Amino acid sequence: MARFLLILLLVLAIAVPNCTGGGEGEGGPMARGGQGTGALEGRSLVVVVADSLHARHLSAYSYARETSPYLDSLARGGVRMERALSQTSWTLSSITSLFTGLVQEVHGVLTPEQRLPDDGPPTLAESFQRAGYRTVGLVQNAVVGPHTGLGRGFDRYRSVTFDAEGTEELLEIAGAEVAATDDGPPLLLYVHFGPPHMPYAPPEPFRSAFVDPALQSDVTGSIRDCTEITVAALAPDHPDVQRLVALYDGHVRYADDLLRRVTEPCLTGERAERFAVLFTSDHGEAFMQHGAVGHNSFCYEPMVRIPWVIAAPGALPEGRVVPGPTSILDTLPTLLELFDLPIARGDLDGVSLASDLFRDASASGAPRELYLSSRYPRDGKAAQFALVEGPWKLVSRRRGKPPALFDMRDDPDELVDLARRLPERAEEMALRLAERRAAFARRRGEFEAEEAPLTRTLLRDLESLGYGGADFDSIGGR
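Per chain, residues are indexed from 1 in the order of the written sequence. The model is predicted, so local features are restricted to residues of pLDDT at least 70 and side-chain atom pairs to those at 80 or more, both for listing and for counting; the totals for chains, interfaces and linings are taken over all residues. Only hydrogens and water are set aside; all other atoms, that is, all heavy atoms of the structure, feed into the side-chain values.

K.L.:
Could you clarify how one ought to interpret the sheet that holds strand 5 (residues 134-139) in this entry?
P.N.:
Neighbouring strands of a sheet are bound in pairs by backbone hydrogen bonds; such pairs are parallel or else antiparallel. Strands qualify as paired when DSSP identifies two bridges or more between them. Secondary structure elements follow DSSP: runs of H or I no shorter than four residues count as helices, runs of E no shorter than two count as strands, and numbering proceeds from the N terminus. Here we have eight strands laid out as an open sheet, ordered 6-5-7-1-8-12-2-13, and mixed in their pairing. If you trace the sheet from one side to the other, it starts and ends with strand 6 (156-159) and strand 13 (320-322), each paired once. Strand-to-strand twist in this sheet, taken as the mean axis angle between neighbours without regard to direction, amounts to 10 degrees. As defined by bridge partners, strand 1 (residues 44-50) adjoins strand 7 (residues 187-193) across six bridges and the pair is classed as parallel. Counted as the bridge partner of Val47 is Tyr190 from strand 7. Only C-alpha atoms enter the line fits that serve as axes; for helices the fit covers just the stretch in contact. Angles between N-to-C directions range over 0 to 180 degrees.

Structure, rendered in structure tokens:
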């Protein structure tokens, strides 16, 4: 036990804010030549991100409510990652990881006031742009707007408002860009919807789709509701929490309809042979499972488990499920191999899953090891970290508590801490988590995230999504 506590101190003591690149990633140089290499070569690609979407709230992932009928059909016609995880639990860093294949400690974007620099790591959009693709990004969450540097490699990168008017504008632009491929070059289209991010206020009929009128609660899905439920420390089965979940599920159903409106024109008629569609999220959303509503602060499953579905009629298998665990970090190397595009750097933290899309699930190899970290507070002292190895998950805890060990096969809700019952496994995973953090701390000097102070207008837009307080504690003149 003494050694376990020493390892705990190592896990908690290593400071990595402002870390930058290097060469000790999970994936290493990416080998190619498998069945998936070039499977989507020459096709257009639409990447859709629905913000704050916990995979377990999707009927495509066996949720009891029918929240995702369109995604259900997309998964039946394509490949679904059963247990995909974001690398972190907040938007800006997660999308930067999606675009670069690097953990947040390596790409260095650790606070909302940082941006990916012009000389930073190569991005997904840059790879497609160099290959002659027209590249367009449309985002509805201001936290990943043009000020972040994520527009690098896009011919057009536009932010729209998180309201009905912004949604219609986004859909109109996306439809026009898809139609332009009929007589033009192939397209990389990145669409980042606001829903189902809080506030949970979709239009009807989605808003009331899952609300039980008999439930004694006046919760409306507002950010204030989310805050008050957290402060009151309500149990997950409290009527107010249950109504909040129902409103969120309606927002998920709305996001599914937006996904349909963007991608259905790509996958019907003659375009079906010229397009591929990838659907995922930046992180999940919690509803008091571990004492909080929303995201940012934890590495528990509700905040990090995401959907990941890819479909390309005639080019990818239909109805295949890859058991996992897999990571959002795998997105860039997987897409580059599927489209047979060169990779600009070999020391990525993700790996290509291109061959896994064609491989029978029974042929899975050794358990995958994944590293997770929550959003970093500015002082760097209260982030949470986790190590995933197959079904096992070790999660660091705060206030001097030892890490918790979970068996995700029998305990998907992370309720039973097995660290005392299985001390050797807990100690061994805690040591490797400490080693991982130390390795990331050594990967400094190659990338430096730039400071990007937020304007009053942008701050107001972000506060409408629930960002505020400690998220922006360095902003002056508020």
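K.L.:
Help me understand helix 8 (residues 239-263) in this model?
P.N.:
Given 3.6 residues per turn, any residue in an α-helix points the same way as the ones three and four places further on. An ideal rise of 1.5 Å per residue puts 36 Å on 25 residues; helix 8 measures up with 36 Å between its terminal C-alpha atoms. The buried label goes to any residue with under 20% of its type's maximum accessible area, the exposed label to any with over 50%, and the partly exposed label to all in between, with areas taken from a 1.4 Å probe on protein chains only. Of all 25 residues in helix 8, 20 are buried; the element is thus mostly enclosed. For a helix, the expected span equals 1.5 Å multiplied by the residue count minus one.

K.L.:
Got a minute to help me understand the confidence of the model for the protein chain in this structure?
P.N.:
Keep in mind that low pLDDT regions are not for reading the predicted coordinates in detail. Known as pLDDT, the predictor's confidence for each residue is given on a scale from 0 to 100. Scored by pLDDT, the protein chain has a mean of 88; 85% of the residues are at 70 or more. Any pair of residues with heavy atoms lying within 4.5 Å of one another is described as a contacting pair. Predicted confidence for residues 18-29 stays below pLDDT 50, and this span has 52 contacts to residues more than four positions away or in other chains. Within the model, the stretch residues 469-478 combines pLDDT values under 50 with 21 contacts to residues more than four positions away or in other chains.

K.L.:
How do you make sense of the packing of aromatic side chains when you look at a structure like this?
P.N.:
Only the six-membered ring of Trp is used, alongside the rings of Phe and Tyr, when aromatic pairs are assigned; centres must lie within 6.5 Å, and planes under 30 degrees apart are stacked while those over 60 apart are edge-to-face, with the rest tilted. Per the counting criterion, the structure on display carries 16 aromatic pairs. Aromatic side chains Phe99 and Phe154 sit 5.9 Å apart centroid to centroid with 50 degrees between the ring planes, which places their arrangement in the tilted category. In this pair, Phe99 is assigned in helix 3 (residues 91-100) and Phe154 in the loop between strand 5 and strand 6, connecting sequence segments 55 residues apart. Both residues of the pair, Phe99 and Phe154, belong to the buried class. Among the aromatic residues, those joined into a cluster by ring pairs are Phe99, Phe154, Tyr157 and Tyr190. In this scheme, Lys NZ or Arg CZ marks a charge over a ring once it lies within 6 Å of the ring centre and within 35 degrees of the ring normal. Over the ring of Tyr61 we find Arg80, and its NZ or CZ is 4.7 Å from the ring centre. When the ring centre of Phe385 is taken as reference, the NZ or CZ atom of Arg437 above it lies at 3.6 Å.

K.L.:
For this particular structure, what's the right way to read the pattern of salt bridges?
P.N.:
Opposite charge on two side chains allows them to pair when their charged atoms are near. Should a side-chain nitrogen of Lys or Arg be within 4 Å of a carboxyl oxygen of Asp or Glu, the pair is scored as a salt bridge. Counted by the stated rule, this structure contains 29 salt bridges. When the shortest N-O distance is used, the salt bridge between Glu177 and Arg156 registers 3.1 Å. In this pair, Glu177 is assigned in helix 6 (residues 164-180) and Arg156 in strand 6, connecting sequence segments 21 residues apart. A relative accessible area of 10% places Glu177 in the buried class. For Arg156, a relative accessible area of 33% gives the class partly exposed. Two residues, Asp182 and Arg271, come together in a salt bridge whose shortest N-O distance is 2.8 Å. Within this pair, whereas Asp182 is found in the loop between helix 6 and strand 7, its partner Arg271 is found in the loop between helix 8 and strand 8 (275-280), the two being separated by 89 residues in sequence.

K.L.:
What is the right way to look at the pairing of strand 12 (residues 308-311) in this model?
P.N.:
Successive side chains on a regular strand alternate, one facing one side of the sheet and the next facing the other. Across the two faces of strand 12 the burial is the same, with Trp308 and Ile310 and Val309 and Ala311 all buried. Here strand 2 (residues 79-81) runs beside strand 12; their pairing, made up of two bridges, is antiparallel. Directly across from Arg80, in strand 12, lies its bridge partner Val309.

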